[in-house]
Amino acid sequence: MNDMTAAGIEARYELAAGMARDGGVVALEYFHNRASLAIESKRDPQDVVSIADRSVEQLIRKAIAEQFPEDGVLGEEYGLEAGTSGFTWVIDPIDGTSAFLAGMPTWCVSVGVLYEGEPVIGVINAPCLGEHYAAAKGQGASLNGERLLLTGAITPKNALTGIGSNTEVSPQTVAGMVERLLEEDGNFIRNGSGALMIAYVAAGRLSGYMEPSMHAWDCLAGYCIVAEAGGSHRPFPTDGDRLTAGAPVLAAGPGNMDALARIAQFAEV
Ligand code: LIP
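Computed from a predicted model, the values in this text were never measured in an experiment.

## What about the site of the ligand?
Taken together, 16 residues lie near the ligand, and Glu 76, Asp 95, Gly 96, Thr 97 and Gly 194 sit nearest. Ser 165 places a main-chain nitrogen or oxygen 3.0 Å from an oxygen atom of the ligand. Residue Tyr 209 places a side-chain N or O atom 3.4 Å away from an oxygen atom belonging to the ligand. Among the secondary structure elements, those contributing two or more residues to the shell around the ligand are β5 (87-95) and β13 (206-214).

Structural data, given as structure tokens:
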């Protein structure tokens, strides 16, 4: 990584962290007043959105446009605006929208930055939990300022593994993953926010996280945090139209990738 790229990452890292926090403040206000939110279905009644998601994404997009107008931006609610700098922001204003609207605390604001398609910044802020995960390429990962360093102590056999699902994936595909995990003496959790569960992998709470299809805005901030904490992740295709398409997601703590890949059984990239 040359000095110019490193300087570009440093400048954006500060904004990403600030916008994840500021977005979290706005989202938390809506969360406390969620009874007044009009809930809309997107793909189907399991895929929901409200003004909370849109307001947070608009806030973050405005700040990026003011400071880095040459950057690309991809957000869950307003899609892709291509840039010219090589940097692309991937924003999930509220990941875990279903949990958010149901009054559960497992949701977060996820802000990632790619450079030439690679995750180089990841910030995930979970306001209800008081947790702020942050990482930048070569600078390590942290939770509330405390360094995250995975040791490989947890495995699918002695810890929980996150499994995500949504209506874009067949019930049989998800059931197969659950069955194979249970057959290998593991157990699973799904809290409705894939981004937050990927952050949990970086924090050593989960042996890994797998989901048959997620979008870049759901997972790439978390991928950066896991990598900088010493974990690993499956590649996520970001070239051309694949950046806005869904793809399988797998993040793993040290030593767990092979076992989790066997359980996930995702096709090669
Ligand atoms: C959610 C993901 C979750 C997935 C849900 C949904 P959203 O994102 O974080 O892992 O299982 O289907 O995609 O829609 O709440 O931002």
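## As for the side chain of Ser 55
Mapped onto the elements of the fold, Ser 55 is located in helix α2 (residues 51-67). The buried category is assigned to Ser 55, whose relative accessible area is 16%. Within polar-contact distance, the side chain of Ser 55 engages the side chain of Tyr 30 at 2.9 Å.

## Considerations on helix α5 (residues 194-202)
Among the nine residues in α5, nine count as buried, and that is most of the element. Directly after α5, the chain includes Gly 204, whose backbone phi takes a positive value near 75°.

## Side note on the packing of helix α4 (residues 171-183) against helix α7 (residues 257-264)
The interhelical angle for the contact between α4 and α7, taken along N-to-C directions, is 135°, at an axis separation of 8 Å. Taken together, α4 and α7 sit at an angle that is classed as oblique. Of the residues in α7, those touching α4 at Met 177, Arg 180 and Leu 181 are Arg 262, Ile 263 and Ala 264.

Cut-offs applied
- Residues numbered from 1 in each chain as written.
- Predicted model: local features only at pLDDT ≥ 70, side-chain atom pairs only at ≥ 80, totals over all residues.
- Heavy atoms only, no water.
- Near = heavy atom within 4 Å.
- Polar contact = N/O pair within 3.5 Å; in protein donor to acceptor, adjacent residues only side chain to side chain.
- Helix = DSSP H or I, 4+ residues; strand = E, 2+ residues; numbered from the N terminus.
- Buried < 20%, exposed > 50% of the residue type's maximum accessible area, 1.4 Å probe, protein only.
- Axes fitted to C-alpha atoms, helices over the stretch in contact; angles between N-to-C directions.
- Parallel < 35°, antiparallel > 145°, perpendicular 65-115°, else oblique.
- Contact = heavy atoms within 4.5 Å.

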